[in-house]
Amino acid sequence: MASQIPIVRTVSALRHHVALWRRDGYKVGLVPTMGALHKGHLSLVDEISQKADKIIVSIFVNPTQFGKNDDLDVYPRREKSDCEKLAKTSANLVFVPPVAEMYPKGHVTSVTLSGISEILEGAERPGHFDGVATIVSKLLMQSQPDVAIFGEKDYQQLAVIRQFVRDLDIPVEILGGGLVREADGLAYSSRNAYLNEKERIIAGNFNRILKALCTAVEKGNCPPRAAEASATQALLEAGFLSVDYVSIVHPQTLLPLSDMKDGGQVVAVARLGGVRLLDNMKINPPESGS
Ligand code: PAF
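Residues numbered from 1 in each chain as written. Predicted model: local features only at pLDDT ≥ 70, side-chain atom pairs only at ≥ 80, totals over all residues. Heavy atoms only, no water.

Below, the discussion takes up the nonpolar core. Counting 41 residues, the largest nonpolar core has I56 and F164 as the members making the most contacts within it. Secondary-structure elements contributing two or more residues to this core are helix 1 (11-23), strand 2 (28-33), strand 4 (93-95), helix 6 (128-143), strand 5 (147-151), helix 7 (155-167), strand 7 (242-249) and strand 8 (264-272). Residues contacting I56, with those up to four places away along its chain left out, are L14, V18, W21, V28, G29, L30, V31, L93, F95 and S143. (Core = buried A, V, L, I, M, F, W, Y, C linked by side-chain atoms within 4.5 Å. Buried < 20%, exposed > 50% of the residue type's maximum accessible area, 1.4 Å probe, protein only. Helix = DSSP H or I, 4+ residues; strand = E, 2+ residues; numbered from the N terminus. Contact = heavy atoms within 4.5 Å.)

What follows concerns the pairing of strand 3 (residues 54-59). Within a regular beta strand, the side chains point alternately toward one face of the sheet and then the other, so they alternate between its two faces. Burial within strand 3 is extensive, with 6 of its 6 residues counted as buried. Neither face of strand 3 is open: one carries K54, I56 and S58, the other I55, V57 and I59, and all of them are buried. Here strand 2 pairs with strand 3 via 6 bridges, running parallel. Note on strand 3: the bridge partner recorded for P32 is S58. Following the chain from strand 2 across helix 2 (residues 39-48) to the adjacent parallel strand 3, one finds a crossover that is right-handed. (Pairing = 2+ DSSP bridges. Right-handed = clockwise from strand over helix to strand, strands pointing away.)

Another point: the environment of P251. Along the chain, P251 turns up in the loop between strand 7 and strand 8. Since its relative accessible area comes to 24%, P251 is described here as partly exposed. With 190 residues separating them along the chain, P251 and V61 place their C-alpha atoms 28 Å apart. Apart from the residues within four sequence positions on either side, P251 is in contact with Y155, G264 and Q265.

Once that is clear, we can look at the packing of helix 9 (residues 205-218) against helix 10 (residues 224-238). Running from N to C, helix 9 and helix 10 cross one another at 155 degrees; their axes reach a closest spacing of 10 Å. The angle between helix 9 and helix 10 places the two elements in the roughly antiparallel class. Crossing angle aside, the handedness with which helix 9 passes helix 10 is right-handed. Contacts between helix 9 and helix 10 involve N205, F206, I209, L213 and V217 on the former and, on the latter, A227, E228, A231, A234, L235 and A238. Among the residues forming the contact of helix 9 with helix 10, the class breakdown is 9 nonpolar, 1 polar and 1 charged. (Axes fitted to C-alpha atoms, helices over the stretch in contact; angles between N-to-C directions. Parallel < 35°, antiparallel > 145°, perpendicular 65-115°, else oblique. Left-handed = near helix turned anticlockwise from the far one by under 90°. Nonpolar A, V, L, I, M, F, W, Y, C, P; charged D, E, K, R; others polar.)

Following this line, the structure appears as structure tokens:
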């Protein structure tokens, strides 16, 4: 029988474990998640184990980062199978707080960023990053880890987290965990489970189309705005319902780039059925250096 992993549901129990680890001189790592764990999450546990002796995985479907038309009510909740998966990793503790533990009656504080949290995903999902920044600040304060890791698949989320951690002088090292893809290149996401068979096949084109965009820009003869437009067209022709954005941006500020001499990042969101799929990819400087 597989061994079990300890689960705590209160901040005080979490702090008790962390205090014992600190007393024994261990370095603590945090992997925040919303559960429905897949290979992408498990790779975060693996990556952080290079930097931490004791690893906490939090599972909390955070209501404040969902908009009123979002999928909060139907978001997959799979605590039992998540904990079974984590028991086979190097994780040491699972923190699964109920909503009332994280947002008790009378909770009125939120963490808000301007600029980087208002563009792209922030423009499509107003308030989303306030919810993310608030819950991640709380998780960092509650567990006080030395290091925390977030997937690069949510590229803008990672940039937002790095920004408020810097602004608020939160003493933690933030790591970006490499994007993990399925065999056809689709980035792992808990929301992929919403796709039907036909949509799942179409979804495999996302990665191919972004790769083609990167190649075109890296060859040096396709300006960013033209590359964005032709990738958008290609996504629609492949069967995506709509495209929220395909944007070639500066890797840190996420502002639109025109000059590609230092390379950049393409970030994109396309819809299939009711699902918003996110992806991103690094664009190297053009071969000619032009
Ligand atoms: O990426 C996620 O799963 C969530 O946005 C996070 C970082 C766990 C905050 O709820």
